[in-house]
Amino acid sequence: MNASQLVSVVITTYNRSDSLLAVLAGLARQTDRNFEVLIADDGSRAEHRSSVLNAPLAQALRATHVWHPDVGFTASRVRNRGVAASRGEYIVFLDGDCVPEVDFIARHKRLAKPGFFVNGSRVLLSSEFTTQVLSGAEQISGRSAWYWLRQRALGNASKLTGLLRLPDMPWRNKKAFSWKGIRSCNLGCWRTDFERVNGFDESFVGWGHEDADFVLRLHNGGVTRKNGFCATEVFHLWHKEAARNQESHNAAVVKARALTAVTQPTLGYSQERINDDVLITTLG
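This section reports on the structure supplied with the text. Keep in mind the model is a prediction, meaning the values are calculated, not measured. (Residues numbered from 1 in each chain as written. Predicted model: local features only at pLDDT ≥ 70, side-chain atom pairs only at ≥ 80, totals over all residues. Heavy atoms only, no water.)

## So, the environment of Tyr147
For step 1, the next point in the chain: As for its placement among the helices and strands, Tyr147 is situated in helix α7 (residues 145-153).
For step 2, the next point in the chain: For the pair Tyr147 and Ser86, spaced 61 residues apart in sequence, the C-alpha to C-alpha distance is 36 Å.
For step 3, the next point in the chain: Residues in contact with Tyr147, not counting those within four places in the same chain, are Phe129, Glu138, Gln139 and Ile140. (Helix = DSSP H or I, 4+ residues; strand = E, 2+ residues; numbered from the N terminus. Contact = heavy atoms within 4.5 Å.)

Written out as structure tokens, the structure reads:
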């Protein structure tokens, strides 16, 4: 990917403005500044919206805040709306609790190639360490190897892959569809490929596997998955797990689709939207 091409970072969030601000702090320190920020807010309460809209970090990044009313877990819908408000040729999806390293954008650009999407990974942080990060006592992006060796020894980080930077080699390319490691909390794809498979399927509601469905349809559309391991790691802030009432249903849908060559969703990005209730605010 040409370094001059614009990347759109679409960040999903819900009632965790403190975590989101930590993510924005990581984005503010990027070595590659040619990106835009879209905050895809899945119905956060007024106090969380206000915290973000009034944050100097969000203003400095000239973020666009895309919000719709809370009707449950509808990450697919709000991601699609975030993309609709974006301008970049390449889209990176990031969760609002995943803090990027300072070369996150640069590394995604290095791995981005036509015909591929990049599925990154994450380093899990402990509950106690997350509290320190959110309080401002710890700044985690741009730290030394010794810093992370110490955090690993203290049990604050699940692994040390965030220290490694392995090149773009053929072993990264995964020709077959697999559920393993699919996380839309750190995923990059070309806008043309996103539009070809009509985005995320908004018929997926509740937690679980809307990202696997999206990856499956990209795969069926001829787009090869590339593993972003040891290149695009993010630091995942601890939180309680979301309710997973819909997980088995969503998984069953993906398993059934995996037996087909389907590329189109039931309810996709390009659907006609009458009386759309999305509010878009551009900051800065």
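## Description of the sheet that holds strand β1 (residues 7-13)
For step 1, the next point in the chain: Judged by pairing direction, the sheet is mixed, and its nine strands sit side by side in the order β8-β10-β6-β9-β4-β1-β2-β3-β12 without closing on themselves. Each end of this open sheet is capped by a strand with a single partner; those strands are β8 (173-174) and β12 (279-282).
For step 2, the next point in the chain: One ladder, built from four bridges, connects strand β6 (residues 116-119) with strand β10 (residues 224-227); its direction is parallel. By the bridge assignment for β10, Phe116 is matched with Thr224.
For step 3, the next point in the chain: Here helix α2 (residues 46-53) sits on the sheet and contacts β2 (35-41), β3 (64-67) and β12; the angle it forms with β3, its principal contact strand, is near 165 degrees.
For step 4, the next point in the chain: The strands touched by helix α4 (residues 75-84) are β1, β2, β3 and β4 (90-95); relative to β1, the strand with the most contacts, the crossing angle is about 150 degrees. (Pairing = 2+ DSSP bridges. Axes fitted to C-alpha atoms, helices over the stretch in contact; angles between N-to-C directions.)

## Some remarks on the pairing of β2
For step 1, the next point in the chain: Counting buried positions over the seven residues of β2 gives seven, a clear majority of the element.
For step 2, the next point in the chain: The two faces of β2 match: Phe35, Val37, Ile39 and Asp41 on one face and Glu36, Leu38 and Ala40 on the other face are all buried.
For step 3, the next point in the chain: Pairing geometry for β1 and β2, over seven bridges, is parallel. Among the inter-strand pairings, Val9 is bridged to a residue of β2, identified as Val37.
For step 4, the next point in the chain: Considered for its hand, the β-α-β crossover made up of β1, helix α1 (residues 17-28) and β2 is right-handed. (Buried < 20%, exposed > 50% of the residue type's maximum accessible area, 1.4 Å probe, protein only. Right-handed = clockwise from strand over helix to strand, strands pointing away.)

## Observations regarding the layout of surface pockets
For step 1, the next point in the chain: When its volume is computed, the largest pocket comes out at roughly 1200 Å³.
For step 2, the next point in the chain: Elements with a contribution of two residues or more to the lining of the largest pocket: β1, α4, β7 (122-124) and α9 (210-220).
For step 3, the next point in the chain: Ranked by residues supplied to the lining of the largest pocket, first place goes to α9 with three residues.
For step 4, the next point in the chain: Here the residues of the lining of the largest pocket are counted per class, giving twelve nonpolar, ten polar and 14 charged.
For step 5, the next point in the chain: If you add up the space inside the second largest pocket, you get close to 240 Å³.
For step 6, the next point in the chain: Every residue lining the second largest pocket is counted, 13 residues in all, and those nearest its centre are Lys174, Lys180, Gly181, Arg225 and Asn227.
For step 7, the next point in the chain: Residue composition of the lining of the second largest pocket, by class: two nonpolar, six polar and five charged. (1 Å grid on protein atoms, 1.4 Å probe; cavity = no way out; pocket = protein on both sides within 12 Å on 5 of 7 lines; lining within 4 Å. Points joined across faces, edges and corners; volume = space filled by probe spheres on them. Nonpolar A, V, L, I, M, F, W, Y, C, P; charged D, E, K, R; others polar.)

## Thoughts on a nonpolar patch on the surface
For step 1, the next point in the chain: Together, Trp146, Leu149, Leu163, Leu164, Leu166, Met169, Trp171 and Phe229 line one region of the surface with nonpolar side chains, adding up to about 760 Å² of accessible area.
For step 2, the next point in the chain: Relative to the elements of secondary structure, Phe229 occurs in the loop between β10 and β11 (234-236).
For step 3, the next point in the chain: With relative accessibility at 31%, the residue Phe229 sits in the partly exposed group. (Patch = residues over 30% accessible without salt bridge, like charges linked within 9 Å, V, L, I, M, F, W, Y side chains within 5 Å. Areas by Shrake-Rupley, 256 points an atom, 1.4 Å probe, with all protein chains shown as cover. Salt bridge = Lys/Arg side-chain N within 4 Å of Asp/Glu carboxyl O.)

## Here we look at the sheet that holds β11
For step 1, the next point in the chain: As summarised here, the arrangement of the three strands in space is β5-β11-β7, forming an open sheet in which the pairing is mixed. Edge positions in the sheet fall to β5 (98-100) and β7, since each of these pairs with one other strand and no more. Averaged over neighbouring strand pairs, the angle between their axes works out to 30 degrees when direction is ignored.
For step 2, the next point in the chain: In this structure, β7 lies alongside β11, joined through three bridges in parallel fashion. If you follow Leu124 over to β11, its bridge partner there is His236.

## Topic: the packing of aromatic side chains
For step 1, the next point in the chain: Enumeration according to the criterion identifies eleven aromatic pairs in this entry.
For step 2, the next point in the chain: Relative to Trp148, the ring of Phe129 lies with its centre 6.3 Å away and its plane at 85 degrees, an arrangement referred to as edge-to-face. Taken together, the positions of Phe129 in helix α6 (residues 127-135) and Trp148 in helix α7 put the pair 19 residues apart, joining distant regions of the chain. Trp148 shares its class with Phe129; the two are buried.
For step 3, the next point in the chain: Over the ring of Trp67 we find Arg49; its NZ or CZ atom is 4.0 Å from the centre of that ring.
For step 4, the next point in the chain: Across from the ring centre of Tyr147, 3.9 Å away, lies the NZ or CZ of Arg143, which sits over that ring. (Phe/Tyr/Trp six-rings, centres within 6.5 Å; stacked < 30°, edge-to-face > 60°. Lys NZ or Arg CZ within 6 Å of the ring centre and 35° of its normal.)

The values reported here are purely geometric and, on their own, carry no functional implication.
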